[in-house]
Amino acid sequence: MKKHLVKSFIAALLLALPLGLSADNFTLGADISWVTEMESKGEKLYNYKGEERETFQLMKEMGMGAVRLRVWVNPAKHGNWCDKEDVLAKAKRAQALGMDVMIDFHYSDWWADPAKQNIPEAWTKHKYKQMLTDVANHTTEVLTLLKDNGIDVKWVQVGNETSNGMLWSVKTDPNTGWEVKDENGMTTITQSMGHIEKNPEQYAGFFKAGYEATKGVYPDAKVIVHLDNGYNNSLYNKNLDILRSGGAKWDIIGMSLYPYWSRKYESSAHRLFAECIRNIKSLAKKYGTDVMIVETGFEVNEKEPWIMESGREQLSELIRLCKTSTDNHCLGIFYWEPTCRPKHYKLGAFTNDGHPTSIMRAVTTAVLNSQLDIQPELRQHISYDRPIVRLETTQGDIAIELYNETPLHRDNFLRLVGKGILDSTLFHRVMLNFMIQGGDPTSKYAEETIADFPAPQLGYASALDENGEEYTIPAEILYPRFFNKRGAVGAARDGNETNPERRSSSSQFYIAWGKWPTARKAGAKEDPLPYYKEAMHAGVPYLDNDYTVFGEVIEGLDVIDKIQRLRVDKFDRPIKDVRITKATVVKY
């Protein structure tokens, strides 16, 4: 009787747990299917430190624990890239490094997406039943080749962005292979066999054939149904209902989510992400399966560095939300082709000469971030160039990344941390929708303040150098590369009247916050960066190009938000003291 009760209790507990709690660690990965073609052209890649790296090793070093590899049926007209042998060669390289592998079947000789799902040339004259066999045979053939060569495939996509179905063709240019559009921007469907509107039952049949073929070779592989526009709940419900009513099954719902391509539908990335998170939770509840974002990407524009800073913030936000706000139903995020050159595709994450942009830092710091705990086993493999300092405060922890491009300020801040000068100091100046400021060594001994009888205002005391003398730091203003976006860490300083060289305080720093949406302040010398308007981010633009920004917060923005909302006295000092109890350099 007791054993029966215990078993019943355990069973009830397991049923009550969210689906994702039984899943593997949250995965960050990349689709790098272009890698062999890029290497054939002599294109090279470098890590954060400027050291040349092999592509798969580089992805792992940056925090990617998995790769996604597309496969085409017969891409002979396109150099045979992404045929089964090319996919095998890439999968071997990934597995040799202990990286997980996802296979993405396009069921086409070239690109398949919501606008086209062109039937492979060898299948074009086949009827529906024969094409079911084609799908099954192609899936089995590719996966068997991988399995026979010792590849452990963890996930399989049956179709790529099959929002409008799969295995239906449009009119294409015989020279380029791209779809031909009429004067209204529309394509002409030439074969509608698996189109979701015209033949929904056949779409479900094709997916079912791919699912069953996958399980026949890799019974434990998770099969993914992949649609675009991850924020669009009605799209997913319609498509998945058709699959389910047609007897098709899947293990994971895969999403594409691109703020860049969705801008004409959504006013901001924040709103787009919020709708995507709601969609993930809704779909997990309705269909009983978890979700992955299998494609995302952000714009690279080397002439306007603020664009990559915006991309970094957006990717960081997406990772955080998917990890912490989906009730554990999001299993990971894959970046689509980060290593590609922007001259070929502008939503990669590297420069034209093969160096990582700020966008990639969102991935690396997410793995280093102790609160997110993403793929912790990868931390030992990461090679990062920027120092990270953790400020333990009475309101929570804040992690700051210091820029190597501002070496005087970087080294000075590390000196302050190493000598314990910041320990026990106050955030003595806190202004709502503006910033928080700290680092005054004398604030360790400041008397308490109260609203009615505020303590005397703290001065701009500086740290002392090795000779016991106060000192300032030459300005290192690198605008517009570094600017006062929300979370930017800048150096406090005396005003221009007494400090025309804009030299920085040796110890006092501020963390920018700002109001969202950001407006230009009256009397500002210049218009704010388009970042504030187009990216819809907060910050303090009227400080830009006037103060040295030498780092940014990569963890703990919620703590800063809490601090800047505290009640303060007339000198802007919080009534309840906020102290940096300990500052340390993060080891990784």
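Everything discussed here concerns the structure shown above.
Scoring rules and cut-offs
- Residues numbered from 1 in each chain as written.
- Predicted model: local features only at pLDDT ≥ 70, side-chain atom pairs only at ≥ 80, totals over all residues.
- Heavy atoms only, no water.
- 1 Å grid on protein atoms, 1.4 Å probe; cavity = no way out; pocket = protein on both sides within 12 Å on 5 of 7 lines; lining within 4 Å.
- Points joined across faces, edges and corners; volume = space filled by probe spheres on them.
- Nonpolar A, V, L, I, M, F, W, Y, C, P; charged D, E, K, R; others polar.
- Helix = DSSP H or I, 4+ residues; strand = E, 2+ residues; numbered from the N terminus.
- Pairing = 2+ DSSP bridges.
- Buried < 20%, exposed > 50% of the residue type's maximum accessible area, 1.4 Å probe, protein only.
- Lys, Arg positive; Asp, Glu negative; His and termini not counted.
- Salt bridge = Lys/Arg side-chain N within 4 Å of Asp/Glu carboxyl O.
- Polar contact = N/O pair within 3.5 Å; in protein donor to acceptor, adjacent residues only side chain to side chain.
- Contact = heavy atoms within 4.5 Å.
- Core = buried A, V, L, I, M, F, W, Y, C linked by side-chain atoms within 4.5 Å.
- Axes fitted to C-alpha atoms, helices over the stretch in contact; angles between N-to-C directions.

Student: Outline the layout of surface pockets, listing residues and values.
Tutor: Its boundaries defined by the atoms lining it, the largest pocket holds a volume of some 1,400 Å³. Asp113, Lys116, Glu161, Trp178 and Trp261 are, among the 45 residues lining the largest pocket, the residues nearest its centre. The class makeup of the residues in the lining of the largest pocket is 21 nonpolar, 10 polar and 14 charged. Estimated volume of the second largest pocket: approximately 980 Å³. The wall of the second largest pocket is formed by 33 residues, among which Glu313, Glu317, Arg320, Leu557 and Asp558 lie closest to the centre. Where the lining of the second largest pocket is concerned, the elements lending two or more residues are helix 9 (305-324), helix 10 (358-368), strand 22 (549-555) and helix 13 (557-564). Here the lining of the second largest pocket is built from residues that sort into 11 nonpolar, 11 polar and 11 charged.

Student: Give a detailed account of the sheet that holds strand 23 (residues 579-585), specifying residues and quantitative values.
Tutor: Across the sheet, 9 strands lie side by side as 15-23-13-14-22-19-21-17-16; this open sheet has antiparallel pairing. Each end of this open sheet is capped by a strand with a single partner; those strands are strand 15 (425-426) and strand 16 (429-431). Note: strand 13 (residues 388-393) against strand 23, 5 bridges, orientation antiparallel. Looking across to strand 23, one finds that arginine 390 is bridged to threonine 584.

Student: Break down the side chain of aspartate 109 for me, with residues and values.
Tutor: Along the polypeptide, aspartate 109 turns up in the loop between strand 5 (100-105) and helix 5 (128-148). Buried within the structure, aspartate 109 lacks any salt-bridge partner; its nearest side chain of opposite charge belongs to lysine 77, at an N-O separation of 6.9 Å. At 3.0 Å, the side chain of aspartate 109 and the backbone nitrogen of asparagine 74 are in polar contact. A distance of 2.9 Å separates a polar side-chain atom of aspartate 109 from the backbone nitrogen of glutamate 121. Among residues more than four places away in sequence, those in contact with aspartate 109 are Trp72, Val73, Asn74, Pro75, His78, Pro120 and Glu121.

Student: Explain the side chain of glutamate 313 to me, and be specific about the residues and the numbers.
Tutor: The residue glutamate 313 is located in helix 9 in this model. Judged by its relative accessible area of 19%, glutamate 313 is buried. Those residues within four positions of glutamate 313 in sequence are excluded, and the remaining contacts are Lys485, Tyr531 and His537.

Student: Explain the pattern of salt bridges residue by residue, including any values.
Tutor: Applying the stated criterion across every chain, the model contains 40 salt bridges. A salt bridge links glutamate 405 to arginine 386, with the nearest nitrogen and oxygen atoms 3.5 Å apart. Taken together, the residues span a long stretch of sequence, with glutamate 405 in the loop between strand 14 (396-402) and helix 11 (407-418) and arginine 386 in the loop between helix 10 and strand 13 at a distance of 19 residues. Given a relative accessible area of 27%, glutamate 405 falls into the partly exposed group. Taken together, the salt bridges that share partners define one network made up of Glu309, Arg312, Glu313, Arg386, Glu401, Glu405, Arg481, Lys485 and Glu552.

Student: How would you sum up empty space enclosed by the protein? Please name residues and give values.
Tutor: With the rule as written, the count across this model stands at 2 cavities of 30 Å³ or more. Considering the residues around the largest cavity, the lining is formed by His409, Asn412, Phe413, Leu416, Ile473, Ala491, Ser505, Ser506, Ser507, Gln508, Phe509 and Phe550. Of the residues that constitute the lining of the largest cavity, the class distribution is 6 nonpolar, 6 polar and no charged. Taken as a whole, the second largest cavity encloses approximately 40 Å³ of empty space. Lining the second largest cavity are Leu28, Gly29, Met64, Leu315, Ile319, Ile333, Tyr335 and Val363. Listed by contribution, the elements that provide at least two residues to the lining of the second largest cavity are strand 1 (27-31), helix 9 and strand 12 (330-336). Classifying every residue of the lining of the second largest cavity by side-chain character gives 7 nonpolar, 1 polar and no charged.

Student: Break down the nonpolar core for me, citing the residues and quoting the values.
Tutor: If you look at the biggest cluster of nonpolar residues, it comprises 99 residues, and the most contacted ones within it are Leu28, Met59, Ile103 and Leu146. A total of 8 residues in this core trace back to one element, the largest contributor, which is helix 8 (residues 269-287). Counting residues in each nonpolar core, the second largest holds 29 residues, with Ala463, Ile473, Val489 and Trp513 among its members.

Student: Explain the sheet that holds strand 10 (residues 252-257) to me, using residue names and the numbers behind them.
Tutor: Read once around its circumference, the closed barrel built from 8 strands follows the order 1-4-5-6-9-10-11-12, with strand pairing classed as parallel. In this sheet, adjacent strand axes meet at a mean angle of 25° when their direction is disregarded. In terms of strand pairing, strand 1 meets strand 12 through 5 bridges, oriented parallel. Note that in strand 12 the partner of threonine 27 across the bridge is glycine 332.

Purely geometric numbers; function is a separate question.
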